[in-house]
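What follows is the residue order along each chain.
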Amino acid sequence: FNLTAKPQAYNVSQRISIPFEITNRGNGSDSFHLESGFPAEFAAGFAAAAQPDQAVDQTTVLAPGESFKGVVNLVIPSASIDGLRINYPVKAVSRLLSEATQSREVKLTAAAPLLRAIVKTDKVQPAPGEKAVYRVTVLNVGCTAAQGVTLRMNFPPQLEALDYASAGFRQEMKASLVLDGLQIKSGESREFNILFQLKEDSLAGQELLTRAELVNNPLKTAAVFVSNAAYVRQQHGVLARTAPERQVVIPGQALFIPFIVTNTGNVREKFRIAPTVKGAQDVIIFQDLNRDGVRQANEPLVTEVGPLAPKEEASIVMEIKTPRSAADGSLGSGGIVFSSEGDASRSSSAAVQFVYSRPVLELTMAGRDGRIKPGEVASFDLTITNRGSNLAR
């Protein structure tokens, strides 16, 4: 039993034929059963060399010294990697004497495209709203060309793809880009650049991993490659808002100024409170838990607010006790500066201006000049004028 071809490399997923020859060395006519040790996925079978498409499981009857020329037909599985060495036995068994057998090793080497991808971002700590370029390099390190390859880019929901059409990609799903019909020769590499933008609501510390999937459609094989890790950079921010209109205050009145503070950063943190007041003295600041503008028993006085999650809001009220002696028309203001505990340079302020309004009364009295006789009625004119800006009651 002899294999008449030397070991060599064969393309995967293609039907190949390995020639062999069996010679009857006995002294009588005989035929020989043919057996294969290849696994089922190789679909191995035998055929006569003259009729390679007609499967047989034994040789024809051979006279002494006569030979049978045949082929072992098989297909190297498409999942076999390039350079894989394959060794499996085939055996011939005498029909007349089962102890008379010979086996040979069929030695093959798989030849296939071997695709690899390198995915790398130019920014490993992007901030929300920032743009980053992902560079994808596709290589074929196998010994045969790759045809009909699909490159699929799966990116995290924190990223938004911007200029992908210019690189030849189309959007398949919300977080997936696809490039079809790639052809990559042996030893060739292709490079693609895709621009992404990090969404504004991305939280600090979130890991950003982009995956490149290479699908060889003719061979029905796929491989996934992951980018270098990137993490969302911490960003501190705060926004303070209050009623913008000017308020009118009666001296001695308690003034309640509401503030809304929002964590505009992407990290959970506290914010310090620094009040600024002009034209008044007594000030208290409390957290308005039920947002009714009036301090309840369970609402604490505060010098800081939080911790607040990203985009979370809190209601703060500044209570100002105005002096009774304030002059009519005089101005005052009340405001708060909220500063980030993690980055003191990140702050926001809001203020309300108020004007004091009070009645200012002026009394004049006029009487008749001259003398009055006893028993006469004397009359006087009293004139009261309100020269202030508020009603006198």
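Quantities reported herein were computed from a predicted structural model and do not represent experimental measurements. For every chain, the first residue of its written sequence is number 1, and the numbers climb from 1 along that sequence. Per-residue local features of the predicted model are confined to residues with pLDDT of at least 70, and side-chain atom pairs are confined, for both listing and counting, to 80 or more; whole-chain, interface and lining totals are unaffected and use all residues. Processing note: side-chain calculations cover all non-hydrogen atoms of the structure and skip hydrogens and water entirely.

Caption draft 1: Representation of the side chain of R152 within the structure. The residue R152 is located in strand β12 (residues 146–154) in this model. Partly exposed describes any residue whose relative accessible area lies between the buried limit of under 20% and the exposed limit of over 50%, with all areas from a 1.4 Å probe on protein chains only and scaled to the type maximum. For R152, a relative accessible area of 19% corresponds to the buried category. Residues adjacent in sequence count toward polar contacts only when both atoms are side-chain atoms; beyond that, a polar contact is any pair of N or O atoms within 3.5 Å, and within protein one must be able to donate a hydrogen and the other to accept it. A polar contact of 2.9 Å, which involves the side chain of R152, links it to the side chain of E172. Whether two residues are in contact is decided by their heavy atoms: any pair within 4.5 Å suffices. Contacts of R152, omitting those with residues within four sequence positions, involve E172, S176, L177, V178, R211, A212, E213 and V215. In this description a helix means any DSSP run of H or I spanning at least four residues, a strand means any run of E spanning at least two, and both kinds are numbered starting from the N terminus.

Caption draft 2: Representation of the sheet that holds strand β28 (residues 331–340) in the model. Strand order in the open sheet formed by five strands is β22-β29-β28-β24-β26, with mixed pairing between adjacent strands. The outermost strands of the open sheet, each flanked by one partner alone, are β22 (247–249) and β26 (304–308). Recorded for the sheet is a direction-independent mean angle of 25° between the axes of neighbouring strands. Note: two strands are recorded as paired if DSSP finds a minimum of 2 bridges between them. Strand direction decides the pairing type here: β22 and strand β29 (residues 347–356), joined by three bridges, are parallel. Within the sheet, the bridge partner assigned to V248 lies in β29 and is V355. What counts as an axis is a line fitted to C-alpha atoms, over the stretch in contact for a helix, and the angles between N-to-C directions run from 0 to 180 degrees.

Caption draft 3: The environment of P359, seen in detail. Its location among the elements puts P359 in the loop between β29 and β30 (361–367). Accessibility expressed as a relative area gives 31% for P359, which makes it partly exposed. With 160 residues separating them along the chain, P359 and K199 place their C-alpha atoms 56 Å apart. In this view, P359 contacts N386, G388, N390, L391 and A392; residues no more than four positions away in its chain are not counted.

Caption draft 4: The sheet that holds strand β5 (residues 45–48), seen in detail. Strand order in this open sheet of five strands is β1-β3-β7-β5-β6, and the pairing throughout is antiparallel. Every interior strand has two partners, whereas the edge strands, β1 (2–3) and β6 (51–56), have only one. Relative to strand β3 (residues 15–23), β1 is paired through two bridges, and the arrangement is antiparallel. Residue pairing for β3: N2 is matched across the bridge by E21.

Caption draft 5: Up close: the pairing of strand β8 (residues 85–94). Direction of pairing for strand β4 (residues 32–36) relative to β8: antiparallel, over a ladder of five bridges. From the neighbouring strand, L34 faces β8, where its bridge partner is A92. Here β8 runs beside strand β9 (residues 101–111); their pairing, made up of nine bridges, is antiparallel. Pairing of I86 across the sheet is with L108, part of β9. Here β8 folds back onto β9, and the loop between the two strands holds six residues.

Caption draft 6: Main features of the side chain of T121. Relative to the helices and strands, T121 resides in strand β10 (residues 115–121). Among all residues touching T121, those that are not within four sequence positions of it are A132, V133, Y134, N228 and A230.

Caption draft 7: Region of the structure containing the nonpolar core. Counting 30 residues, the largest nonpolar core has L151, M153, F169, L177, F196 and L214 as the members making the most contacts within it. Only β10, β11 (131–140), β12, β13 (159–161), β15 (176–184), β16 (189–198) and β18 (211–216) provide two or more residues apiece to this core. Ignoring sequence-local partners within four residues, the contact set of L177 consists of L151, R152, M153, F155, A161, Y164, F169, R170, Q171, I194 and F196. One finds I16, F46, L74 and L219 within the second-largest nonpolar core, a separate group that totals 26 residues. What is meant by a nonpolar core is a set of buried Ala, Val, Leu, Ile, Met, Phe, Trp, Tyr and Cys residues, joined one to another through side-chain atoms within 4.5 Å.

Caption draft 8: A look at unusual backbone geometry. In this structure, the amide linkage connecting G306 to the following residue, P307, adopts the cis form with an omega of 5°. On the secondary structure map, P307 appears in strand β26. A positive phi angle, close to 50°, is found at A43, a residue other than glycine. For A43, the position within the fold is in the loop between β4 and β5. A positive phi angle is found at K311, which is not glycine, with a value near 75°. For K311, the location among the structural elements is in the loop between β26 and β27 (313–321). Take K311: its relative accessible area is 47%, and that puts it in the partly exposed class.

Caption draft 9: Highlighting the confidence of the model for the protein. Summary statistics for the protein give a mean pLDDT of 90 and a share of 100% for residues scoring 70 or more. Confidence scores differ between elements of the protein, with β22 showing the lowest mean pLDDT of 85 and β4 the highest of 95. pLDDT measures how confident the predictor is about each residue, on a scale from 0 to 100.

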